[in-house]
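Tertiary structure, described
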Amino acid sequence: MKMAIDAMGGDHAPKEIILGTMKAVEQFEDIEIVLYGDEKQIREYLVDHARISIVHTEEVILGTDEPVRAVRKKKQASMVLMAQAVANGEADGCISAGNTGALMTAGLFIVGRIDGIDRPALAPTLPTLDGKGFLMLDLGANVDAKPEHLAQYAIMGSVYAEKVRGIQNPKVGLLNIGTEDKKGNELSKQAFQQMKEIKLNFVGNVESRNILEGPADVIVTDGFTGNMVLKTIEGTASSIFSLLKTTFTSSLKSKIAAGLVKNDLKELKNMMDYSEYGGAALFGLKAPVVKAHGSSNSNALFNAIRQTREMIKHDVVNTIKEAVNQNK
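We now turn to the structure provided with this report. Owing to the predicted nature of the structure, the values given are computational and were not obtained by experimental measurement.

Any space left empty among the atoms is revealed by the rolling of a water-sized probe across them. Taken as a whole, the second largest pocket encloses approximately 560 Å³ of empty space. Lining of the second largest pocket is provided by 33 residues; of these, Gly-98, Thr-100, Lys-291, Ala-292 and Gly-294 occupy positions nearest its centre. Contributions of two or more residues to the lining of the second largest pocket are made by helix 5 (100-111) and helix 8 (223-248). Of all the elements, helix 8 adds the most residues to the lining of the second largest pocket, at six residues.

A separate point is the packing of helix 4 (residues 78-87) against helix 5. Contact pair helix 4 / helix 5: the axes reach a minimum separation of 9 Å and the direction vectors enclose 30 degrees. Here helix 4 is positioned roughly parallel relative to helix 5, judged by the angle of their axes. Considering how the two elements wind past one another, helix 4 and helix 5 form a crossing that is right-handed. Together, Met-79, Val-80, Met-82, Ala-83, Gln-84, Val-86 and Ala-87 of helix 4 and Ala-102, Leu-103, Ala-106, Ile-110 and Val-111 of helix 5 make up the contact between the two elements. Along the lines of polarity and charge, the residues of the contact of helix 4 with helix 5 split into eleven nonpolar, one polar and no charged.

This paragraph deals with a nonpolar patch on the surface. Residues Val-143, Phe-224 and Met-228 make up a contiguous nonpolar surface patch of roughly 310 Å² in combined accessible area. Mapped onto the secondary structure, Met-228 falls in helix 8.

Our next topic: empty space enclosed by the protein. This model, assessed by the stated rule, comprises one cavity of 30 Å³ or more. Along the walls of the largest cavity sit Ile-114, Leu-282, Phe-283, Gly-284, Leu-285, Ala-287, Pro-288, Met-311, Val-316, Val-317 and Ile-320, which together make up its complete lining. At the level of elements, strand 11 (280-283) and helix 11 (316-326) are the ones that each hand at least two residues to the lining of the largest cavity. At three residues, the largest contribution of residues to the lining of the largest cavity is made by helix 11. In terms of residue class, the lining of the largest cavity is built from ten nonpolar, one polar and no charged.

What follows deals with the pattern of salt bridges. Per the stated rule, a full pass over the model turns up seven salt bridges. Between Arg-43 and Asp-48 there is a salt bridge, with its nearest N and O atoms 2.8 Å apart. Judged by its relative accessible area of 65%, Asp-48 falls in the exposed class. Residues joined in a network through salt bridges with shared partners are Asp-30, Arg-309 and Glu-310.

Further remarks concern the sheet that holds strand 4 (residues 93-96). Reading across from one edge, 3-2-1-4-12-11-5 is the order of the seven strands in this open sheet, with mixed pairing throughout. Looking at which strands have only one partner, the edges of the open sheet turn out to be strand 3 (52-56) and strand 5 (121-123). Each adjacent strand pair in this sheet contributes to an overall mean axis angle of 25 degrees, direction not counted. Across five bridges, the pairing between strand 2 (residues 32-37) and strand 3 is parallel. By the bridge assignment for strand 3, Leu-35 is matched with Ile-54.

Moving on: helix 5. All buried positions along helix 5 are accounted for by Ala-102, Leu-103, Met-104, Thr-105, Ala-106, Gly-107, Ile-110 and Val-111. The elements touched by buried residues of helix 5 are helix 3 (67-73), helix 4, strand 4, strand 11 and strand 12 (289-291).

We now examine helix 11. Since the α-helix packs 3.6 residues into each turn, any two residues three or four apart lie on the same face. Where helix 11 is concerned, the buried positions are Val-316, Val-317, Thr-319, Ile-320, Ala-323 and Val-324. Considered in projection along helix 11, the buried side chains sweep an arc of 160 degrees and stay on one side of the axis. On its buried face, helix 11 is in contact with helix 6 (147-163) and helix 10 (298-313).

The next thing to look at is the side chain of Thr-128. In this fold, Thr-128 is placed in the loop between strand 6 (125-126) and strand 7 (134-137). Assessed through its relative accessible area of 1%, Thr-128 is described here as buried. There is a polar contact of 3.2 Å between the side chain of Thr-128 and the backbone nitrogen of Lys-132.

Reading guide: rules and limits
Residues numbered from 1 in each chain as written. Predicted model: local features only at pLDDT ≥ 70, side-chain atom pairs only at ≥ 80, totals over all residues. Heavy atoms only, no water. 1 Å grid on protein atoms, 1.4 Å probe; cavity = no way out; pocket = protein on both sides within 12 Å on 5 of 7 lines; lining within 4 Å. Points joined across faces, edges and corners; volume = space filled by probe spheres on them. Helix = DSSP H or I, 4+ residues; strand = E, 2+ residues; numbered from the N terminus. Axes fitted to C-alpha atoms, helices over the stretch in contact; angles between N-to-C directions. Parallel < 35°, antiparallel > 145°, perpendicular 65-115°, else oblique. Left-handed = near helix turned anticlockwise from the far one by under 90°. Contact = heavy atoms within 4.5 Å. Nonpolar A, V, L, I, M, F, W, Y, C, P; charged D, E, K, R; others polar. Patch = residues over 30% accessible without salt bridge, like charges linked within 9 Å, V, L, I, M, F, W, Y side chains within 5 Å. Areas by Shrake-Rupley, 256 points an atom, 1.4 Å probe, with all protein chains shown as cover. Salt bridge = Lys/Arg side-chain N within 4 Å of Asp/Glu carboxyl O. Buried < 20%, exposed > 50% of the residue type's maximum accessible area, 1.4 Å probe, protein only. Pairing = 2+ DSSP bridges. Arc of directions from axis to C-beta. Polar contact = N/O pair within 3.5 Å; in protein donor to acceptor, adjacent residues only side chain to side chain.

Take a look at the structure:
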């Protein structure tokens, strides 16, 4: 299988992108990778490998670029060429740690939507207290949604959880302000009814305060709400670790204590780092398109490649298409 990677996207590109790529080709003998970006910069970190090639371009979509305009005007940008390779059948899937909005635009207008899917959804796997994690979608591909969109998200998330994460009969929940069946706004109430009627292991409503406890393997919401929840989790985790750092460096006694629990704290931080699960997949497109975190290091990029490989290997796109058609 062949993957296209935007070597210039992300805060630590191209170094960490290249290091993660080299780690992946050593780990997985069944993948080939094409890197899109400035060949001179890539060569600084790349060790020649038979299964890694480069397509040179000096044009890059920046994090500050307006997504739609950038994709339309920067035809030779690394991200655009990467997406075009997938659309042309030259690659089976693609990965970028660059501008999220631009990647969603490139995915939608270049790679294209699956027939039967109204809107794609952005879906990362987030950590849970037991370390198993859960898939949440949509986390920002679409600000607004209709009940039928949430039902489609539920189908796509269930397929991914089963095929890629290996969860048999995954539990699907609807994010809401209470667990009772009649709770929520009109969107939630109508989506609840639709999700009850399709072929899913639907467990009903879940509250945001419980999601890290793992009440469901897949949690569905609209993109506006999902993005707010994600950023709240990120901000809270960052604040807690900042407070712990301040506490453990406040006195000699606390510094000694910090030395004793240093490894445990590092394990805790890694457990709560969702980049360990891979990137955020854009579900509903004709091929796997994965958004790695903007601050991805080599390990995060490696995990995004592993995730994309699993999506290709298990033919997630066609399985989603079949599942959606069965539930029309």
